[in-house]
Amino acid sequence: MFTSLFYCSVSLDPDDIQRTNQGHPGILELRRFMEEELSEEERTRFLAHTLPRMVSKASNLKRLKPSFGFLYSLRREERRFELDKTLVSSLLANAFFSTFAKRNVKTHPTLQDFRMVHFFTYLQKRGHQNKLRAFLRYFESPDEEGHVTFMRKVLQQGPSLPGWLCSDRPLVPLDVLHEGSVHLAEPGVYRVCPCSPLLGGDVLTQANSKEARLFFTFPELLVILSFVEGLVDDEALIAENAGAQPARSPKPSRRADRENLSSLENDSTTSFFIEDSPQATASQNNLVAISTLPSSSITELISR
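Residues numbered from 1 in each chain as written. Predicted model: local features only at pLDDT ≥ 70, side-chain atom pairs only at ≥ 80, totals over all residues. Heavy atoms only, no water.

(A) Layout of the pairing of strand 2 (residues 147-154). For strand 2, a buried count of six out of eight residues is recorded, marking the element as mostly surrounded by other parts of the structure. Where strand 1 (residues 79-84) and strand 2 come together, six bridges link them in antiparallel fashion. Its bridge partner lying in strand 2, Glu82 is registered against Thr149. As paired elements, strand 2 and strand 4 (residues 235-240) share six bridges and run antiparallel to each other. By the bridge assignment, Thr149 is partnered in strand 4 with Glu240. (Buried < 20%, exposed > 50% of the residue type's maximum accessible area, 1.4 Å probe, protein only. Helix = DSSP H or I, 4+ residues; strand = E, 2+ residues; numbered from the N terminus. Pairing = 2+ DSSP bridges.)

Structure below.
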């Protein structure tokens, strides 16, 4: 079965050497993982249930794609995208089989490569094995109805970024709670996770970041990599209803919470926020990604 798995090696880059006469190391590592790391029960469930569902979902992409085509979320262009959850699951299944054409910094400098074949090359690592198990559990769950909504927001008015940094106008009120944790917060409070300017970062390669953990905890967020260009300073991306239940969401200790917060102090990249909206039902998960300022600038503004 594993020898029959194919991936797309088509690239728009003429300098990209095609090697069609040998297996990709990621496919070979995936085969090793399935044969050596999965238990007999897990392997049987994957072959008899999960894999056939993924193949069926992947093959339905042509039927499920919008009649007007699949549009990109472009930089500095406000737009709302509502993707049917059946389309999202089909896109994710195709990402697993790596059927999309290759992207790199030369052909698509503002987009990610939406193929998991490179992720598979790291499956000797325990963290990648756990993330892949979480991804597969997404396809083992019952199908959901509804849509995942993505909204790209652009700051249309106001001063330039240098002007905003030099402004003496007061910021909105800021409340700091010295007790409790984010898991005990009331509805409407944001949970913060740092990420890279290109949304997703290393999630489909080395997957070492908190951002990667977030995307595999809520696998429907991975579809962002397929069509959303990286954010710039005056943009935000809002995702609503991205995953009914997290595939895996362990609660870190208070010490881990403190370490996560302290790690943000020196981070100048994009930040994600998970929001439990007061209007949302228990089955909704909302996300906002914004392009942040360097921490030194934020510290200066807060101290004014």
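On we go from here.
(B) Summary view of helix 2 (residues 40-59). With 20 residues, helix 2 extends 27 Å between its outermost C-alpha atoms, agreeing within 8% with the 28 Å of an ideal straight helix rising 1.5 Å per residue. Of all the bends in helix 2, the greatest measures close to 45 degrees and is centred on Phe46. For helix 2, the set of buried residues is Arg43, Phe46, Thr50, Leu51, Arg53, Met54, Lys57 and Ala58. Summarising the contacts, the buried residues of helix 2 are in contact with helix 1 (25-37), helix 3 (61-64), helix 4 (85-97) and helix 6 (126-140). (Expected span 1.5 Å × (residues − 1). Bend = angle between axes of the 7 residues up to and from the residue. Contact = heavy atoms within 4.5 Å.)

(C) How the structure looks around the nonpolar core. Of all hydrophobic cores here, the largest spans 51 residues; its most connected members are Leu92, Phe96, Met116, Leu132, Phe135 and Phe150. In terms of residue count, helix 4 provides more of this core than any other element does, eight residues in total. Setting aside chain neighbours within four positions, we find Leu92 in contact with Phe114, Phe135, Tyr138, Phe139, Pro219, Glu220, Leu222 and Val223. (Core = buried A, V, L, I, M, F, W, Y, C linked by side-chain atoms within 4.5 Å.)

(D) Looking closely at the side chain of Lys57. Topologically, Lys57 is positioned in helix 2. For Lys57, a relative accessible area of 13% puts it in the buried group. Within the structure, the side chain of Lys57 is placed 2.8 Å from the side chain of Asp143, a separation counted as a polar contact. Filtering out sequence-adjacent residues up to four positions away, Lys57 remains in contact with Ser89, Ser90, Ala93, Phe139 and Asp143. (Polar contact = N/O pair within 3.5 Å; in protein donor to acceptor, adjacent residues only side chain to side chain.)

(E) Representation of unusual backbone geometry within the structure. Of note, the phi angle at Arg76 is positive, near 60 degrees, even though the residue is not glycine. Here Arg76 is to be found in the loop between helix 3 and strand 1. Here Arg76 falls in the exposed class, since its relative accessible area comes to 51%. Non-glycine residue Ser98 carries a positive phi angle of around 55 degrees. As for its position among the elements, Ser98 is in the loop between helix 4 and helix 5 (117-120). We classify Ser98 as buried; its relative accessible area is 0%.

(F) Examining the pattern of salt bridges more closely. Tallied over the entire structure, the rule returns 15 salt bridges. A salt bridge links Arg126 to Glu37; its shortest N-O distance comes to 3.9 Å. One end of the pair, Arg126, is in helix 6; the other, Glu37, is in helix 1, and 89 residues separate them in sequence. Under the relative-accessibility criterion, Arg126 is labelled exposed at 54%. Under the relative-accessibility criterion, Glu37 is labelled partly exposed at 26%. Taken together, the shared-partner salt bridges connect Glu29, Arg32, Glu36, Glu37 and Arg126 into one network. (Salt bridge = Lys/Arg side-chain N within 4 Å of Asp/Glu carboxyl O.)

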